[in-house]
Amino acid sequence: GLNPQSNDQYPTVGRLQMDLMAMALTCDITRVSSLQWSTAQSGVRFSWLGHSDSHHSLSHEADNDPAKRTQLVQINHWYAEQFAYLLGKLAGQQELDGTLLDNTVVLWVNEQGNGQTHTKDQIPFVLAGNYAGKLRTGRWVQYEQRAHNDLYLTLLQLFGSDALTFGNAAVNGTTPS
């Protein structure tokens, strides 16, 4: 009886997707996975949070309407809870040398910095897991005037790639550290 296209089933379907992702990683069926909750033009209405407007429309109004901004913050908080759920699933899977989360890198990102203006800067990225000690965790860093491709390139290099660029070279103008 689960309709994956139903707006109100969005949290349930997302939870099931995270459970499947964690199980596939646990069973070593895959070593790479991704979960895209929605798109920049998300029509999802967060009815379980008491919202009637779509996420997309809220993102365009949040800069000028404090009530809409509050709803957008509630949505982002809900997504943070989902991220924490996934991390908890990975942390709960013991491996010989720690947990699955200890041996993994999980990236949470939004595709835009500001929904109203569609900016591609000031995009927050959250990394979790330390890839068997190769990442220093527990810190907040901020880079000015850096293309987000640099982060992706750094992750590729962390995983052993000798790539020197990632994506559109025109926006990947600096060398990652």
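Attention here is on the structure that accompanies the text. (Residues numbered from 1 in each chain as written. Predicted model: local features only at pLDDT ≥ 70, side-chain atom pairs only at ≥ 80, totals over all residues. Heavy atoms only, no water.)

**Observations concerning the nonpolar core**
At step 1: Grouped together as the largest cluster of nonpolar side chains are 12 residues: Met18, Met21, Ala22, Leu25, Phe83, Leu86, Leu87, Leu90, Leu100, Leu101, Val106 and Ala128.
At step 2: Put simply, the parts of the chain that give this core at least two residues each are helix H1 (10-26) and helix H3 (66-91).
At step 3: When near neighbours in sequence (up to four residues on either side) are disregarded, Met21 contacts Ser33, Ser34, Leu35 and Leu86.
At step 4: Judged by nonpolar contacts, the second largest core, of nine residues, contains Leu58, Leu72, Ile75 and Tyr79. (Core = buried A, V, L, I, M, F, W, Y, C linked by side-chain atoms within 4.5 Å. Buried < 20%, exposed > 50% of the residue type's maximum accessible area, 1.4 Å probe, protein only. Helix = DSSP H or I, 4+ residues; strand = E, 2+ residues; numbered from the N terminus. Contact = heavy atoms within 4.5 Å.)

**Brief notes about the packing of aromatic side chains**
At step 1: Going through the model one piece at a time under the given rule, you end up with 15 aromatic pairs.
At step 2: Measuring from ring centre to ring centre gives 5.6 Å for Phe46 and Trp78, while their planes differ by 75°; the resulting arrangement is edge-to-face. On the criterion of sequence distance, the pair formed by Phe46 in the loop between H1 and helix H2 (55-61) and Trp78 in helix H3 is long-range, its members being 32 residues apart.
At step 3: Taken together through their ring pairs, the aromatic side chains of Tyr10, Trp37, Phe46, Trp48, Trp78 and Tyr79 make up a single cluster.
At step 4: Across from the ring centre of Tyr143, 5.5 Å away, lies the NZ or CZ of Arg146, which sits over that ring. (Phe/Tyr/Trp six-rings, centres within 6.5 Å; stacked < 30°, edge-to-face > 60°. Lys NZ or Arg CZ within 6 Å of the ring centre and 35° of its normal.)

**Some points on the environment of Leu127**
At step 1: Within the secondary structure layout, Leu127 lies in strand E4 (residues 125-128).
At step 2: A residue is classified by how much of its surface remains accessible, and Leu127, at 37% relative accessible area, is partly exposed.
At step 3: Beyond its immediate sequence surroundings of up to four residues, Leu127 is in contact with Val105, Val106, Leu107, Leu151 and Leu155.

**Description of a nonpolar patch on the surface**
At step 1: Nonpolar side chains collect at one region of the surface, where Leu107, Val109 and Leu127 lie side by side and expose about 190 Å² of accessible area between them.
At step 2: By secondary structure assignment, the location of Leu107 is in strand E3 (residues 106-109).
At step 3: Since its relative accessible area comes to 31%, Leu107 is described here as partly exposed. (Patch = residues over 30% accessible without salt bridge, like charges linked within 9 Å, V, L, I, M, F, W, Y side chains within 5 Å. Areas by Shrake-Rupley, 256 points an atom, 1.4 Å probe, with all protein chains shown as cover. Salt bridge = Lys/Arg side-chain N within 4 Å of Asp/Glu carboxyl O.)

**Describing unusual backbone geometry**
At step 1: One non-glycine residue with positive phi stands out, namely Tyr131, at about 50°.
At step 2: Here Tyr131 lies in the loop between E4 and helix H4 (148-158).
At step 3: Note on Tyr131: relative accessible area 23%, which makes it partly exposed.
At step 4: Unusually for a residue other than glycine, Ala132 sits at a positive phi of about 55°.
At step 5: Note on placement: Ala132 falls in the loop between E4 and H4.

**What to know about H1**
At step 1: With 17 residues, H1 extends 24 Å between its outermost C-alpha atoms, agreeing within 8% with the 24 Å of an ideal straight helix rising 1.5 Å per residue.
At step 2: Taken together, the buried positions of H1 are occupied by Tyr10, Val13, Gly14, Met18, Met21, Ala22, Ala24 and Leu25.
At step 3: Tucked inside the fold, the buried residues of H1 contact H3. (Expected span 1.5 Å × (residues − 1).)

**With respect to the side chain of Gln71**
At step 1: Here Gln71 is to be found in helix H3.
At step 2: Classification of Gln71 as buried rests on a relative accessible area of 18%.

**A few points about the environment of Leu25**
At step 1: Looking at where Leu25 falls in the secondary structure, it is placed in helix H1.
At step 2: By relative accessible area, Leu25 is classed as buried at 13%.
At step 3: With 68 residues separating them in the primary sequence, Leu25 and Gln93 have C-alpha atoms 9.7 Å apart.
At step 4: If we skip the residues at most four places from it in the chain, Leu25 touches Thr30, Arg31, Val32, Ser33, Leu90 and Leu100.

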